[in-house]
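Listed here are the chains, written in short residue letters.
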Amino acid sequence: DAGVTQSPTHLIKTRGQHVTLRCSPISGHKSVSWYQQVLGQGPQFIFQYYEKEERGRGNFPDRFSARQFPNYSSELNVNALLLGDSALYLCASSAASSVQETQYFGPGTRLLVL
Amino acid sequence: GNSVTQMEGPVTLSEEAFLTINCTYTATGYPSLFWYVQYPGEGLQLLLKATKADDKGSNKGFEATYRKETTSFHLEKGSVQVSDSAVYFCALSLQSSYKLIFGSGTRLLVRP
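In this text the structure is predicted, and so the values were computed from the model without any measurement. (Residues numbered from 1 in each chain as written. Chains lettered and ligands numbered in written order. Predicted model: local features only at pLDDT ≥ 70, side-chain atom pairs only at ≥ 80, totals over all residues. Heavy atoms only, no water.)

Draft legend 1. Examining the packing of aromatic side chains more closely. Inspection of the entire model under this criterion finds twelve aromatic pairs over all chains. Between A:Tyr35 and A:Phe45, the ring centres sit 5.7 Å apart and the planes meet at 70 degrees, which makes this aromatic pair edge-to-face. Here A:Tyr35 is found in strand S4 (residues 31-37), whereas its partner A:Phe45 is found in strand S5 (residues 44-50), with ten residues between them in sequence. As far as the burial class goes, A:Tyr35 and A:Phe45 line up, both buried. Taken together, A:Tyr35, A:Phe45, A:Phe105, B:Phe34, B:Tyr36, B:Phe89 and B:Phe102 form an aromatic cluster joined through their ring pairs. (Phe/Tyr/Trp six-rings, centres within 6.5 Å; stacked < 30°, edge-to-face > 60°. Helix = DSSP H or I, 4+ residues; strand = E, 2+ residues; numbered from the N terminus. Buried < 20%, exposed > 50% of the residue type's maximum accessible area, 1.4 Å probe, protein only.)

Draft legend 2. Structural context of the pairing of S5(A). Residue and element names in this part refer to chain A. Most of S5 sits inside the fold, with six of its seven residues counted as buried. Note that S4 and S5 share six bridges and pair antiparallel. Each residue of the ladder has a partner; that of valine 32, found in S5, is tyrosine 49. Linkage of S4 to S5, two consecutive antiparallel strands, is achieved through a turn of six residues, within which glycine 40 is found at a positive phi near 85 degrees. (Pairing = 2+ DSSP bridges.)

Draft legend 3. Summary view of the pattern of salt bridges. Tallying each qualifying case throughout the model produces eight salt bridges over all chains. Between A:Glu75 and A:Arg22 there is a salt bridge, with the nearest N and O atoms lying 3.5 Å from each other. Of this pair, A:Glu75 sits in strand S8 (residues 74-78) while A:Arg22 sits in strand S3 (residues 19-24), and the two are 53 residues apart along the sequence. Judged by relative accessible area, which is 11%, A:Glu75 ranks as buried. A relative accessible area of 42% places A:Arg22 in the partly exposed class. B:Asp55 is the salt-bridge partner of B:Lys52, the closest N and O atoms lying 3.4 Å from each other. (Salt bridge = Lys/Arg side-chain N within 4 Å of Asp/Glu carboxyl O.)

Draft legend 4. Fine view of the interface of chain A and chain B. Of the residues lining the interface, 19 residues belong to chain A; the matching set on chain B comes to 20 residues. Counting the surface lost from both chain A and chain B, the interface buries some 1600 Å², and carbon and sulfur atoms represent 55% of this. Run the count over chain A and chain B and you get zero salt bridges. (Contact = heavy atoms within 4.5 Å. Buried area = accessible area lost by both parts, 1.4 Å probe.)

Distances and angles like these do not, on their own, reveal function.
Structure (structure tokens):
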């Protein structure tokens, strides 16, 4: 079975632009979470979606938004990019919204903002 | 607040040496605890988990025991291999939240 897939794998943008990152969860998983991993640090929680509804949001500005589609795939959007948004963006899927469910991570999208 | 503290790396060991990576946590309630591993250029893979006190998680020769009295979840392996070289992240999740809270990671380098 395919794992969590993310696209694109790498992306280069300039300050002020916006970016859309995509995630397809494991088949049968209804929950998707997004994390930001800055170089040398642990991942930081951005959003969780379950059944197309936002279930949790981390301490990120409103420039960050996300949505989940009927097929449970998800997009993360970041507007007005800043240099500090350069990071590895990880998507994770789980079977349900319970925190006891294991989250499975994709390979990430590496974003560089110049 | 809720947080995870890991020992700083890098940890450099020779093949077949014993590994310990320390992890302590601060949390309200009763968290679940996890170890994830990140190989170069890849995402995170779940290594093991424990959901209640005194539980022991194990996988691929790695073990960690949930110690409520010391709020710790140290990762151990009896004999490391070169292929174990990676960054290891300790994490917790709370029943009241949907997110994983990660430590800053510990890089392990195993030399032949």
